[in-house]
Number of protein chains: 2
Amino acid sequence: MGLDRQLRPATQSDVAREVGVSRTLVSFAFRDAPGVSGGTKQAIFDAAKRLGYRPNAAAADLARKHRSAVGLYLMDIHNEVYADILSGVRMALPQARNRLILSVSQSIDGVDAGAVDSLIEARVGIIIAATLLDPDERVQELAQIVPIVSVARPVPGVDSVYSDDEAGARAATEHLLSLGHTRIAHLGGPDYDGHTVRRRSYEKTMRGAGMVPRTVPADDFTQDAGMRAAVEILDSADRPTGIFAHNDQFALAAREAAYARGLAIPGDLSLVGYDNSRTGRLHGIELTSVDLHAMELGNIAGTVAMDRLNDPEAPVADERLTPELVVRNSTAPAAM
Amino acid sequence: MGLDRQLRPATQSDVAREVGVSRTLVSFAFRDAPGVSGGTKQAIFDAAKRLGYRPNAAAADLARKHRSAVGLYLMDIHNEVYADILSGVRMALPQARNRLILSVSQSIDGVDAGAVDSLIEARVGIIIAATLLDPDERVQELAQIVPIVSVARPVPGVDSVYSDDEAGARAATEHLLSLGHTRIAHLGGPDYDGHTVRRRSYEKTMRGAGMVPRTVPADDFTQDAGMRAAVEILDSADRPTGIFAHNDQFALAAREAAYARGLAIPGDLSLVGYDNSRTGRLHGIELTSVDLHAMELGNIAGTVAMDRLNDPEAPVADERLTPELVVRNSTAPAAM
DNA sequence: ATGAAAGCGCTAACAG
DNA sequence: CTGTTAGCGCTTTCAT
C-alpha cells in the first residue's frame with residue numbers, strides 16, 4: 001500500500017480563481033501589502049485555507065530578484081561549538097528569514113569545496129561560515145560572489161565575528177606557567193590559513209617566559225587525529241607535565257590517553273582545553289578551558305548578516321570578542 | 001569602506017550571448033544532457049567560467065516542477081543524537097541532493113509549528129523529521145502536503161525509521177533489576193504522542209517483576225527540566241537506588257545532582273542512560289546506556305527519503321532497528 | 001481597490 | 001546538433 005499522493009500544490013492562481021479575483025490581490029493579501037479591502041482579504045485567506053495553499057518562497061525570491069535564504073556553513077556539527085554557533089545564528093534571524101540552508105563539511109579533512117558551492121547554487125542571500133578552511137584569498141573571492149560572514153576567524157575585507165584567540169591562548173599558557181609547569185606541550189589543530197593564532201600565541205608566550213614550546217599538530221580536526229597527536233605527546237621520552245589543547249575535543253582525547261596510561265589528572269598531567277564545552281563542566285571532568293562564547297559569536301554573526309543584507313555598502317564588520325579562561329580541576333601546580 | 005558590490009550574477013542568457021548560442025544549449029551543457037557538440041560545450045564552460053556563471057537551483061526546480069531540496073527537522077541540535085542523525089542523513093544523500101534545508105525547533109518546549117512550515121514554504125521535496133512532537137494525526141496531515149520520513153518515532157501510514165524503544169527500555173530496566181535493585185525510578189521525557197514507549201516499557205517491565213514503577217517526567221526536553229526532575233527524584237523521601245533516564249542528557253543531569261548531594265555512582269546510585277553518547281564513554285563517566293545507533297538511523301532515513309522521492313507509490317517504509325545495551329560502570333549491584 | 005501584462009532564471013517539448 | 005516557444009509560481013509596474 002502506497003502513500004496518498006498529494007495533488008499538485010495549490011498556487012496563487014488557484015486561490016484567485018476560487019475567490020474570483022486576480023492573482024495580484026492574492027499576492028498582496030499574503031504579504032499584507034496595502035490596497036486590499038478587508039472583505040477581499042478575508043475571502044482570500046478562507047479560500048487559501050480551503051485549498052491548502054502555501055506560498056512558494058523560491059518563486060517569490062526569483063520574482064523579487066532578491067534572496068531571502070541564509071546559508072550556514074559549519075565544519076563539524078558534532079563539535080558543540082558549532083551547535084552553539086548555529087543556535088546563536090538562529091536566535092538572531094527574524095521570523096521572515098527562517099530559511100536556513102545548512103552545509104556541513106562532508107569530507108574528513110574538511111575541504112569545503114562542494115559545501116559552499118551548494119549554498120551558492122541555492123542562491124542564499126548571504127553565507128555565514130564558521131571556520132572555513134580555505135585560505136584568505138579564496139574566502140575573499142567567494143565574498144565577491146555572495147556576501148560572507150566569517151565566524152570564529154577574521155578574514156581581512158570580509159565581515160568577521162571572532163574571538164581573540166591570541167588572548168585566549170596566552171591566558172591558557174600563562175595559567176600553566178603560573179602553576180610552575182615548564183614542560184608544556186601544545187596539542188594543536190592542523191595549520192590552515194587563519195587557524196594558527198592559538199598555536200603562535202602559545203609559542204610566543206612560552207618563549208616570552210624563557211621556555212621552549214613544543215607543538216604537536218593533529219592531522220585534521222577529527223577525534224581520531226586528536227587522539228593520535230595526544231598519544232604522540234604522552235608517549236614521548238620527555239613527557240610534558242602540562243598540555244594546552246587546541247579545543248576541548250582534543251583535550252578530552254588527551255585525557256583518555258592519559259588515563260589509559262595510568263596518568264592522573266591533574267596529579268601527573270595538567271590539561272587545558274578551549275571552548276568550555278558542557279562536557280568539560282561535568283563532575284569528574286572539570287576541564288580548565290577557554291570560553292570563546294560560541295553562542296554569542298553565532299548571535300552576533302547573525303546580526304551582522306542581517307545588517308549586511310540591509311546595507312551592502314556598510315563598512316566591513318570586525319567584531320572581536322574577548323574569551324575567558326575558566327579554571328577547574330584539570331590543572332594543578334607542577335610537582336616539585 | 002564598504003564591500004565590493006557584486007554585479008548581478010550572470011545568467012544562462014549571458015553565457016549564451018557570450019558564446020553566441022541559445023540558452024537551451026547552455027542549459028543542456030550544464031546538465032550534460034546529450035546533444036551538445038564537444039566544441040560548443042567547451043566554449044560554453046569557458047564563457048561561464050569567465051562570467052562567473054552559477055546555475056540557479058531554485059529557478060531550475062521551479063521550471064522542472066520538481067523539488068530537489070531535502071528538509072530536515074531536528075528538535076535540538078545540542079543533543080548528540082540529532083547531530084548523529086544529521087551526519088547519517090548527509091551520508092545518504094547523493095551529491096546532487098545536497099540542498100539540505102534545516103529547521104531546528106526554536107521554542108523551548110519544542111512546538112514545531114513554524115519550523116515545519118518554513119520547510120514547506122521552501123518547497124522541499126521531502127522532510128526528514130527527527131522527533132516531531134506533534135500528534136500522529138498532525139504528522140499524517142502534513143504527510144499529505146509533503147512526503148515525510150519520521151525518524152526515531154514510528155507514525156502509522158508515514159515512512160518511519162526508528163529504534164525499538166520498547167526493547168531498549170526493557171533491557172535497561174531488566175539490567176537494573178538483575179543487579180538486585182528494587183527501587184528504580186524512571187526519569188522520563190515529557191509525554192508527547194509517540195514518545196512514551198520507553199516509559200511504558202519501563203513500567204511494564206517493573207510490574208512484570210513485581211516492582212512498583214515510579215516515573216518522574218521532565219517538563220520538556222531541556223537540560224534544566226531534566227535537572228529538576230532528577231532533583232525531585234533524589235530529594236524524595238524514598239530515594240531509589242537505581243535510575244533509568246530517558247536519555248543520556250537527563251542521566252548526566254542526574255549524575256550531577258547525585259554528586260552534588262554526595263552520592264556516589266554506582267555506589268549509592270546506579271544510573272542508566274539512553275543514546276550511548278560520546279560523553280558517556282569518557283573515563284570517569286562510563287555511563288551504562290542504550291545505544292539506538294542514531295547515525296545509522298539517519299542514514300537509513302536518508303535512503304528511505306531518496307526511495308520515496310523516486311517512487312511515490314512505494315509501500316510505506318517501516319524500519320525498526322534493534323538497540324543495544326552498553327554496560328559500563330555507572331551501574332552496580334544493589335547494596336544489601 | 002482591482003486587474004493586465006511583463007518578467008525573474010531556468011527547463012522542456014517541438015522544430016529544424 | 002541547435003534554436004523557438006511556452007511555461008513554472010510569484011512580484012511588480014502601470015492602468016483602470
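In this text the structure is predicted, and so the values were computed from the model without any measurement.

What follows concerns the interface of chain B and chain A. Each partner contributes residues to the interface: chain B has 62 residues there, and chain A has 62 residues. Approximately 5,600 Å² of surface area, both sides summed, lies buried where chain B meets chain A, with 54% of it carried by carbon and sulfur atoms. At the boundary of chain B with chain A, the tally comes to four salt bridges. Note that Arg-54 of chain A is salt-bridged to Glu-121 of chain B, the shortest N-O span being 3.9 Å. Viewed at the interface, chain A and chain B are joined by 17 residue pairs in polar contact (both at pLDDT 80 or more). Residue assignment for the side of chain B that touches chain A shows that the elements contributing at least two residues are helix H4 (57-64), helix H5 (80-92), strand E2 (100-104), helix H6 (113-121), helix H7 (136-145), helix H11 (248-260) and helix H12 (278-281) of chain B. No other element matches H5 of chain B, which puts six residues into the side of chain B that touches chain A.

Around DNA strand D, a shell composed of 27 residues is seen, among which Gln-12, Arg-23, Ser-27 and Tyr-53 of chain A together with Thr-24 of chain B lie nearest. Ser-27 of chain A places a polar side-chain atom, nitrogen or oxygen, 2.7 Å from a phosphate oxygen of DNA strand D. At 3.1 Å from a phosphate oxygen of DNA strand D is found a main-chain nitrogen or oxygen belonging to Asn-56 of chain A. When contributions to the surface near DNA strand D are tallied by element, the ones reaching two or more residues are helix H2 (23-30) and helix H4 (57-64) of chain A together with helix H2 (23-30) and H4 of chain B. Each residue belonging to the surface near DNA strand D can be placed in one class, and the counts come to ten nonpolar, eleven polar and six charged.

Within this structure, the stated rule accounts for 40 salt bridges over all chains. Of the charged contacts in the structure, one is a salt bridge between Arg-17 of chain A and Asp-14 of chain A, with a shortest N-O distance of 3.5 Å. Here Asp-14 of chain A and Arg-17 of chain A lie together in helix H1 (residues 12-19), a separation of three residues that amounts to about one turn. Owing to a relative accessible area of 60%, Arg-17 of chain A belongs among the exposed residues under this scheme. Assessed through its relative accessible area of 14%, Asp-14 of chain A is described here as buried. Put simply, Arg-54 of chain A together with Asp-117 and Glu-121 of chain B are held in one network by salt bridges that share partners.

Let's shift gears to the packing of aromatic side chains. Residue and element names in this part refer to chain A. Per the stated rule, a full pass over the model turns up eight aromatic pairs over all chains. Between Phe-30 and Phe-45 the ring centres are 5.3 Å apart and the planes differ by 85 degrees, which places this aromatic pair in the edge-to-face class. Taken together, the residues Phe-30 in helix H2 and Phe-45 in helix H3 (residues 38-51) connect sequence positions 15 residues apart. On the basis of relative accessible area, Phe-30 is assigned to the partly exposed category, the value being 30%. Relative accessible area serves as the criterion here: at 32%, Phe-45 is assigned to the partly exposed category. Taking 5.1 Å as the distance between ring centres and 80 degrees as the angle between the ring planes, the aromatic pair formed by Phe-30 and Tyr-53 counts as edge-to-face. One end of the pair, Phe-30, is in helix H2; the other, Tyr-53, is in the loop between H3 and H4, and 23 residues separate them in sequence. Here a set of aromatic residues connected by ring pairs shows up, and it is made of Phe-30, Phe-45 and Tyr-53.

Our next topic: the relation of the copies chain B and chain A. You can overlay chain B on chain A at an RMSD of 0.1 Å; the transform is a turn of 180 degrees with a shift of 0.0 Å along its axis. The relationship between the two copies is best expressed as a two-fold rotation axis. No C-alpha of chain B approaches the rotation axis more nearly than that of Ile-101 of chain B, which lies at 2.3 Å. A shared binding surface is used by both copies, with 100% of the interface residues of chain B retained as interface residues in chain A.

A few words on the sheet that holds strand E8 (residues 242-245) of chain A. Residue and element names in this part refer to chain A. Strand order in this open sheet of six strands is E7-E6-E8-E9-E10-E12, and the pairing throughout is mixed. Each having just a single partner strand, strand E7 (214-217) and strand E12 (324-326) make up the two edges of the open sheet. Across the sheet, the mean angle from the axis of one strand to that of its neighbour is 20 degrees, orientation sign disregarded. With four bridges connecting them, strand E6 (residues 184-188) and E7 associate as parallel partners. Of the residues in E7, the one forming a bridge with His-186 is Thr-215. Helix H11 (residues 248-260) contacts E6, E8, strand E9 (270-274) and strand E10 (288-291) of the sheet and is inclined by roughly 155 degrees relative to E9.

For the rest of this paragraph, the subject is the protein's contact with DNA strand C. Taken together, 27 residues lie near DNA strand C, and Ser-22 of chain A together with Gln-12, Arg-23, Ser-27 and Tyr-53 of chain B sit nearest. Of all DNA strand C atoms lying within 4 Å of any protein atom, the proportion belonging to sugar or phosphate reaches 69%. One nitrogen or oxygen atom from the main chain of Asn-56 of chain B is found 3.1 Å from a phosphate oxygen belonging to DNA strand C. Ranked by the residues each element gives to the surface near DNA strand C, the list is headed by H4 of chain B, at four residues. Its residues assigned to classes, the surface near DNA strand C comprises ten nonpolar, eleven polar and six charged.

A few words now on the confidence of the model for chain A. On average, residues of chain A carry a pLDDT of 92, and 95% of them reach 70 or more. For residues 1-5 of chain A, every residue scores under 50 in pLDDT, and the model assigns this stretch 18 contacts once sequence neighbours within four places are set aside.

Cut-offs used in this document
- Residues numbered from 1 in each chain as written.
- Chains lettered and ligands numbered in written order.
- Predicted model: local features only at pLDDT ≥ 70, side-chain atom pairs only at ≥ 80, totals over all residues.
- Heavy atoms only, no water.
- Contact = heavy atoms within 4.5 Å.
- Buried area = accessible area lost by both parts, 1.4 Å probe.
- Salt bridge = Lys/Arg side-chain N within 4 Å of Asp/Glu carboxyl O.
- Polar contact = N/O pair within 3.5 Å; in protein donor to acceptor, adjacent residues only side chain to side chain.
- Helix = DSSP H or I, 4+ residues; strand = E, 2+ residues; numbered from the N terminus.
- Near = heavy atom within 4 Å.
- Nonpolar A, V, L, I, M, F, W, Y, C, P; charged D, E, K, R; others polar.
- Buried < 20%, exposed > 50% of the residue type's maximum accessible area, 1.4 Å probe, protein only.
- Phe/Tyr/Trp six-rings, centres within 6.5 Å; stacked < 30°, edge-to-face > 60°.
- Least-squares fit on C-alpha atoms with pLDDT ≥ 70 in both.
- Pairing = 2+ DSSP bridges.
- Axes fitted to C-alpha atoms, helices over the stretch in contact; angles between N-to-C directions.
- pLDDT = per-residue confidence, 0-100.

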